[in-house]
Amino acid sequence: MQPSSTDLPTDGSQVTLSGRLGMPAWLSVEKLRSMPQREAIVTFECRTSGPRRHYFTGPLLIDVLQAAKPLFTPNERKDRLRFLISVLGRDGHRVELSWGEIDPEFGNVPALLAVSMDCRDLDAQGPHLVLPGDRCGARHVSQVTDIRLWSGDHVCG
């Protein structure tokens, strides 16, 4: 059973991983740091402060989600493509990604759940969602608090 969000520390040290997962969890920055790390130098245009360039390290978002056992049939490509990922930051900024976007067999976007930025640990802030290759930084989510995997099935009408 997952603890309620009122039990979460307020310092950004835990991320709730929930939704259509066999193993929902709370993830600390320390736990994320124990996973295989990737590096990325990211340059993007910020509307308010101009060009920005940062160096990030952290696990791939897809690796974090796969470790939590997504509830889809892994060998059926079309089944995976129904799933969406919602990432929420402490400031309320939310980004939605599709599984196909980060899946190596489809979009292969190396989305990071960064645990360090510019060689500084993000333990106190919490991880950042980083999408290398984005021209603008609007999908960068600072201080991630929640990651939810859900099925995009719905009926139009």
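Just so it is clear, the model here is predicted, and its values are computed rather than measured.

Procedures and definitions
Residues numbered from 1 in each chain as written. Predicted model: local features only at pLDDT ≥ 70, side-chain atom pairs only at ≥ 80, totals over all residues. Heavy atoms only, no water. Helix = DSSP H or I, 4+ residues; strand = E, 2+ residues; numbered from the N terminus. Buried < 20%, exposed > 50% of the residue type's maximum accessible area, 1.4 Å probe, protein only. Contact = heavy atoms within 4.5 Å. Areas by Shrake-Rupley, 256 points an atom, 1.4 Å probe, with all protein chains shown as cover. Pairing = 2+ DSSP bridges. Axes fitted to C-alpha atoms, helices over the stretch in contact; angles between N-to-C directions. Phe/Tyr/Trp six-rings, centres within 6.5 Å; stacked < 30°, edge-to-face > 60°. Salt bridge = Lys/Arg side-chain N within 4 Å of Asp/Glu carboxyl O.

1. What about the overall build of the chain?
Phase 1 of the analysis: Across its full length, the chain holds 4 helices and 11 strands.
Phase 2 of the analysis: In the chain, which comprises 157 residues, the share counted as buried stands at 43%.
Phase 3 of the analysis: When contacts within the chain are restricted to residue pairs at least 6 apart in sequence, long-range pairs at least 24 apart make up 59% of them.
Phase 4 of the analysis: A total accessible area of about 8,800 Å² is found for the chain, and carbon and sulfur atoms account for 52% of it.

2. So, the pairing of strand S2 (residues 25–28)
Phase 1 of the analysis: Judged from the 4 bridges that link them, strand S1 (residues 14–19) and S2 form a sheet pairing that is antiparallel. Each bridged residue has a counterpart across the sheet, and for leucine 17 the counterpart in S2 is alanine 25.

3. Describing the environment of isoleucine 147
Phase 1 of the analysis: As for its position among the elements, isoleucine 147 is in strand S11 (residues 144–151).
Phase 2 of the analysis: Looking at isoleucine 147, the relative accessible area reads 0%, which means it is buried.
Phase 3 of the analysis: Through-space distance from the C-alpha of isoleucine 147 to that of tryptophan 26 is 9.9 Å; in sequence the pair is 121 residues apart.
Phase 4 of the analysis: The contacts of isoleucine 147, once residues within four sequence positions are left out, are Val15, Thr16, Leu17, Ser18, Leu61, Leu65, Ile85, Ser86, Val87 and Leu113.

4. Observations regarding the sheet that holds S11
Phase 1 of the analysis: Taking strand neighbours across the sheet as the criterion, the 5 strands line up as S2-S1-S11-S5-S6 in an open arrangement whose pairing is mixed. Whereas interior strands pair on both sides, the edge strands pair on one side only; in this sheet they are S2 and strand S6 (94–98). With direction set aside, neighbouring strand axes in the sheet form an average angle of 20 degrees.
Phase 2 of the analysis: Bridge count for strand S5 (residues 83–89) against S6 is 5 bridges, and the pairing is antiparallel.

5. Focus: the pairing of strand S4 (residues 50–58)
Phase 1 of the analysis: When strand S3 (residues 38–46) meets S4, the two strands line up antiparallel, connected through 9 bridges. Residue pairing for S4: valine 42 is matched across the bridge by histidine 54.
Phase 2 of the analysis: The antiparallel hairpin formed by S3 and S4 contains 3 residues in its connecting segment.
Phase 3 of the analysis: Bridge count between S4 and strand S8 (residues 116–117): 2 bridges; the pairing is antiparallel. Each bridged residue has a counterpart across the sheet, and for threonine 57 the counterpart in S8 is serine 116.

6. Let's talk about the packing of aromatic side chains
Phase 1 of the analysis: Tallying each qualifying case throughout the model produces 2 aromatic pairs.
Phase 2 of the analysis: Ring centres 4.9 Å apart and planes at 75 degrees place the aromatic pair phenylalanine 72 and tryptophan 99 in the edge-to-face group. Highlighted residues: phenylalanine 72 in the loop between helix H2 (61–67) and helix H3 (77–80) and tryptophan 99 in helix H4 (residues 99–102), separated in sequence by 27 residues.
Phase 3 of the analysis: On the accessibility criterion, tryptophan 99 (1% relative accessible area) is buried.
Phase 4 of the analysis: Among the aromatic residues, those joined into a ring-pair cluster are Phe72, Phe83 and Trp99.

7. Regarding the pattern of salt bridges
Phase 1 of the analysis: Under the defined criterion, the tally for this structure stands at 8 salt bridges.
Phase 2 of the analysis: With its nearest N and O atoms 3.6 Å apart, the salt bridge here joins aspartate 121 to arginine 33. Of this pair, aspartate 121 sits in strand S9 (residues 120–121) while arginine 33 sits in helix H1 (residues 29–33); the two residues are 88 residues apart in sequence, bridging distant segments of the chain.
Phase 3 of the analysis: On the accessibility criterion, aspartate 121 (56% relative accessible area) is exposed.
Phase 4 of the analysis: It is possible to trace a salt-bridge network through shared partners that takes in Arg77, Arg80, Asp103 and Glu105.

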